[in-house]
Amino acid sequence: MPDQKKYNLILDSLQKLLENKKLQTISVSEIAQTAGIGKGSIYYYFPSKDSILEALVERNYEKPLSTAKDLSSRTEIPPFTRMAMIFQACRNASTEYLRSGKKSGAGAPEKALLHQKYMNHLISEFKPVLAEIIQQGIDAGEIRFDRPDVLAEIVLIVLAVKIDNTIVPSSQEEIEETVSGLVSLVEKGTDNPPGSLSFLTSGTNPDSRP
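The model shown is predicted, which means the values in this text are computed figures rather than measured ones. (Residues numbered from 1 in each chain as written. Predicted model: local features only at pLDDT ≥ 70, side-chain atom pairs only at ≥ 80, totals over all residues. Heavy atoms only, no water.)

Caption draft 1: Structural context of the overall build of the protein. Looking only at helices and strands, the protein has nine helices and zero strands in total. Starting at the N terminus, the α and β elements of the protein follow one another as α-α-α-α-α-α-α-α-α. The buried share among the 210 residues of the protein stands at 44%. Long-range pairs, those at least 24 residues apart, make up 68% of the contacts in the protein with a sequence separation of at least 6. By element, 53% of the accessible surface of the protein is carried by carbon and sulfur atoms, the whole surface being about 10800 Å². (Helix = DSSP H or I, 4+ residues; strand = E, 2+ residues; numbered from the N terminus. Buried < 20%, exposed > 50% of the residue type's maximum accessible area, 1.4 Å probe, protein only. Contact = heavy atoms within 4.5 Å. Areas by Shrake-Rupley, 256 points an atom, 1.4 Å probe, with all protein chains shown as cover.)

Caption draft 2: Representation of the nonpolar core within the structure. Formed by 36 residues in total, the largest nonpolar core has its most connected members in M83, I86, L122, F126, L130 and L200. Elements with a minimum of two residues in this core: α5 (62–72), α6 (79–103), α7 (108–139), α8 (148–164) and α9 (172–189). A per-element tally of this core places α7 first, with 10 residues. Grouped together as the second largest cluster of nonpolar side chains are 20 residues, L17, I31, I42 and L114 included. (Core = buried A, V, L, I, M, F, W, Y, C linked by side-chain atoms within 4.5 Å.)

Caption draft 3: Structural view of a negative patch on the surface. A cluster of acidic side chains, namely E173, E174, E176 and E177, defines a negative patch on the protein surface. With respect to the secondary-structure elements, E173 resides in helix α9. (Patch = residues over 30% accessible without salt bridge, like charges linked within 9 Å, V, L, I, M, F, W, Y side chains within 5 Å. Salt bridge = Lys/Arg side-chain N within 4 Å of Asp/Glu carboxyl O. Lys, Arg positive; Asp, Glu negative; His and termini not counted. Charge placed at Lys NZ, Arg CZ, Asp CG, Glu CD.)

Caption draft 4: Highlighting the packing of aromatic side chains. Under the criterion given, the structure shown has three aromatic pairs. Counting every residue linked through ring pairs, the aromatic cluster contains Y7, Y44, Y45 and F46. (Phe/Tyr/Trp six-rings, centres within 6.5 Å; stacked < 30°, edge-to-face > 60°.)

Caption draft 5: Looking closely at helix α2 (residues 28–35). Turning to α2, its buried residues number three or more, namely V28, E30, I31, A32 and A35. On its buried side, α2 packs onto α1 (4–18), α3 (39–45) and α4 (49–60). Residue G36 follows α2 closely and has a positive phi angle near 75 degrees.

Caption draft 6: Expanded view of unusual backbone geometry. Located in the positive-phi region is D191, a residue other than glycine, with phi close to 60 degrees. Note that D191 resides in the segment after α9.

Caption draft 7: Main features of the environment of K39. Its location among the elements puts K39 in helix α3. C-alpha separation for the pair K39 and S29, spaced 10 residues apart in sequence, amounts to 5.6 Å. Those residues in contact with K39, other than ones at most four positions away along the chain, are V28, S29 and A32.

Caption draft 8: Quick peek at α9. Under the 1.5 Å per step criterion, the end-to-end length of α9 is 26 Å for 18 residues, consistent within 8% with the ideal 26 Å. Phi turns positive one or two residues past the end of α9, at D191, with a value near 60 degrees. (Expected span 1.5 Å × (residues − 1).)

Caption draft 9: Structural view of the side chain of S72. Along the chain, S72 falls in helix α5. The class of S72 is buried, set by a relative accessible area of 9%. Beyond its immediate stretch of four places on either side in the chain, S72 contacts R82, V129, E132, I133 and Q136.

Caption draft 10: Geometry of the packing of α1 against α4. Close contact between α1 and α4 brings their axes to 10 Å; oriented N to C, the two are set at 95 degrees. In this view, α1 runs roughly perpendicular relative to α4, as classed from their interaxial angle. In this structure, α1 uses Y7, N8, I10, L11, D12, L14, Q15 and L18 to contact α4, whose residues at the interface are I52, L53, A55, L56, R59 and N60. Of the residues contributing to the contact of α1 with α4, the split by class is nine nonpolar, three polar and two charged. (Axes fitted to C-alpha atoms, helices over the stretch in contact; angles between N-to-C directions. Parallel < 35°, antiparallel > 145°, perpendicular 65-115°, else oblique. Nonpolar A, V, L, I, M, F, W, Y, C, P; charged D, E, K, R; others polar.)

Caption draft 11: Structural view of the confidence of the model for the protein. When pLDDT is averaged along the protein, the result is 80, and 80% of the positions lie at 70 or above. Mean pLDDT across the elements of the protein bottoms out in α6 (70) and peaks in α2 (94). Note on residues 203–210: pLDDT under 50 across the span, and 23 contacts to partners over four residues away in sequence or across chains. (pLDDT = per-residue confidence, 0-100.)

Caption draft 12: Quick look at the pattern of salt bridges. Evaluated as defined, the whole model comprises seven salt bridges. For E76, the salt bridge goes to R74, with nearest N and O atoms at 2.6 Å. Judged by its relative accessible area of 54%, E76 is exposed. Assessed through its relative accessible area of 33%, R74 is described here as partly exposed. Across the pair R147 and D149 runs a salt bridge, and its minimum N-O distance is 3.7 Å.

Quick look at the structure:
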């Protein structure tokens, strides 16, 4: 059976190497050496370096995704409150990634690739969970919208770009304006009173970035 400790050790080793080296210069042999295991052991767990990177991305969002899935069953909590809690969990995970990225020696292409992988994972994994929560709100008559999957994707894309703040670097004021505009559109699109969903911005405060 696969050893979970060794699996995580491999991921930790790649993350450590990324702090000082460019992704393209890191070899599977170097990851194995950093982990203190044989190269063959790497291939027992992962078919390639890219698959190690994918697993590292997934692990960094494992906790907020678990939180989101748990919230999807907490129907006693209003749907928009659960959405805000999910956004906060995503922001925390992104903050940790950005903190490690500031120490990284990776160049612009490597950082762009990593950001793309992180955001693709965030949007693809969180979309069905968020859509389910929105659908619950629709069924309960708290949200009036006929495309929960579309609304979930739009919200996640905008928030992911703004939380990340590297693809389209923005000032604090610009981020606040964009998120406020998104909240206003969601309020209108779901037939909620103006200002009633302003608390959704609590998970996207730029001042919380490292």
